[in-house]
Amino acid sequence: MLKPDMIFAQIRDLKQRKAELLSAAASLDDAIKALEGNQEKPIDWKNSALDCLKIHVHPLRTIDIFNCMCEKDKKLNITEPIKRRNYINALSIALNAQCDNGLLYRMSLPGFKGFFYGFKTWFTNKNELKEEVERALKYNLWENQKSVFQLTKIDKSFNDNRIEI
């Protein structure tokens, strides 16, 4: 049978060990909180894309929305092709989910690869662009100095036996 002195000594040792373990657990909790604070926040594809559409006030293609997001968030502006493609795919999935939810509408234009995304409120009941939105889109695509057509004009002159394009 155990003597009372031995029992009290064991209790004292167990209490001391408990205090040591609680102290170690507290220091681990502090380390975990510090690591969690350093984690990058996940990218909010949906809200960032909707913000870009609100800024431009006309339908945009996925790549245009991504470029707009890159201007706002520099960590998205990467040069690594595989990671960039993965980001664009994630954005495309988020945009298509919003189409399925009824917030966005997807449309295609002849001569352009991919879809243009716009808010449902920009379209009529016949799924045609409202006049003011269509005017803004046409200006951005064909007349704006920074449009895709103005920036990619090819010099069609002959130089040193080059073939005219």
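Chains are numbered independently. Their residues run from 1 in the order of the written sequence. Given that the model is predicted, a residue must reach a pLDDT of at least 70 before its local features are reported, and side-chain atom pairs must reach 80 or more before they are shown or counted; all residues, however, enter totals for whole chains, interfaces and linings. Each side-chain value is worked out from all heavy atoms of the structure, with water and hydrogens disregarded.

## Digging into the layout of surface pockets
The calculated volume of the second largest pocket comes to roughly 290 Å³. Secondary structure elements follow DSSP: runs of H or I of four or more residues count as helices, runs of E of two or more count as strands, with numbering from the N terminus. Secondary structure elements with two or more residues in the lining of the second largest pocket: helix H3 (62-72) and helix H4 (81-101). The element contributing the most residues to the lining of the second largest pocket is H4, with five residues. Class assignment for the residues of the lining of the second largest pocket results in four nonpolar, five polar and three charged. As defined here, a cavity is a set of points on a 1 Å grid over the protein atoms alone where a 1.4 Å probe fits but cannot get out. A pocket is an open set with protein on both sides within 12 Å along at least five of seven lines, and residues line them when an atom is within 4 Å of a point. Grid points are joined across faces, edges and corners, and a volume is the space filled by probe spheres set on the points. The nonpolar class holds Ala, Val, Leu, Ile, Met, Phe, Trp, Tyr, Cys and Pro. Asp, Glu, Lys and Arg form the charged class, and all remaining residues, Gly among them, are polar.

## Details of the packing of aromatic side chains
Ring geometry is summarised as follows: Phe, Tyr and Trp rings, the Trp one being its six-membered ring, pair when their centres sit within 6.5 Å, and such pairs are stacked at plane angles under 30 degrees, edge-to-face over 60 and tilted between the two. Enumeration over the complete set of coordinates arrives at four aromatic pairs. Ring geometry for Phe112 and Phe116: centres 5.4 Å apart, planes at 85°, overall edge-to-face. With respect to class, Phe112 is no different from Phe116; both count as buried. Its guanidinium or amino end placed over the ring of Phe115, Arg106 lies 5.7 Å from that ring's centre, counting from NZ or CZ. Accessible area is worked out with a 1.4 Å probe on protein chains only. A residue is then buried under 20% of its type maximum, exposed over 50%, and partly exposed in between. Working rule: Lys NZ or Arg CZ, within 6 Å of ring centre, within 35 degrees of ring normal, means a charge sits over the ring.

## Some thoughts on helix H2 (residues 45-56)
Every helix has an expected span of 1.5 Å times one less than the residues it contains. The first and last C-alpha atoms of H2 sit 17 Å apart over twelve residues, in line with the 16 Å expected at 1.5 Å per residue. Residue contacts are counted whenever heavy atoms from the two residues lie within 4.5 Å of one another. In the core, the buried residues of H2 are packed alongside strand S1 (60-61), H3, H4, strand S2 (104-107) and strand S3 (116-119). A positive backbone phi angle near 60° is found at Val57, which sits one or two residues after H2.

## Overview of unusual backbone geometry
For Val57, which is not glycine, the phi dihedral falls at a positive 60°. Looking at the secondary structure, you find Val57 in the loop between H2 and S1. Even without a glycine there, the phi angle at Asn127 is positive, about 60°. Among the structural elements, Asn127 can be located in the loop between S3 and helix H5 (131-143). The partly exposed category is assigned to Asn127, whose relative accessible area is 39%.

## Here we look at the confidence of the model for the protein
Per-residue confidence from the predictor is given as pLDDT, running between 0 and 100. On average, residues of the protein score 81 in pLDDT, and 82% of them are at 70 or above. No element of the protein has a lower mean pLDDT than helix H6 (residues 148-151), which averages 54, and none a higher one than S3, which averages 93. With pLDDT under 50 throughout, residues 153-165 is counted as low confidence; its partners more than four residues away or in other chains account for four contacts.

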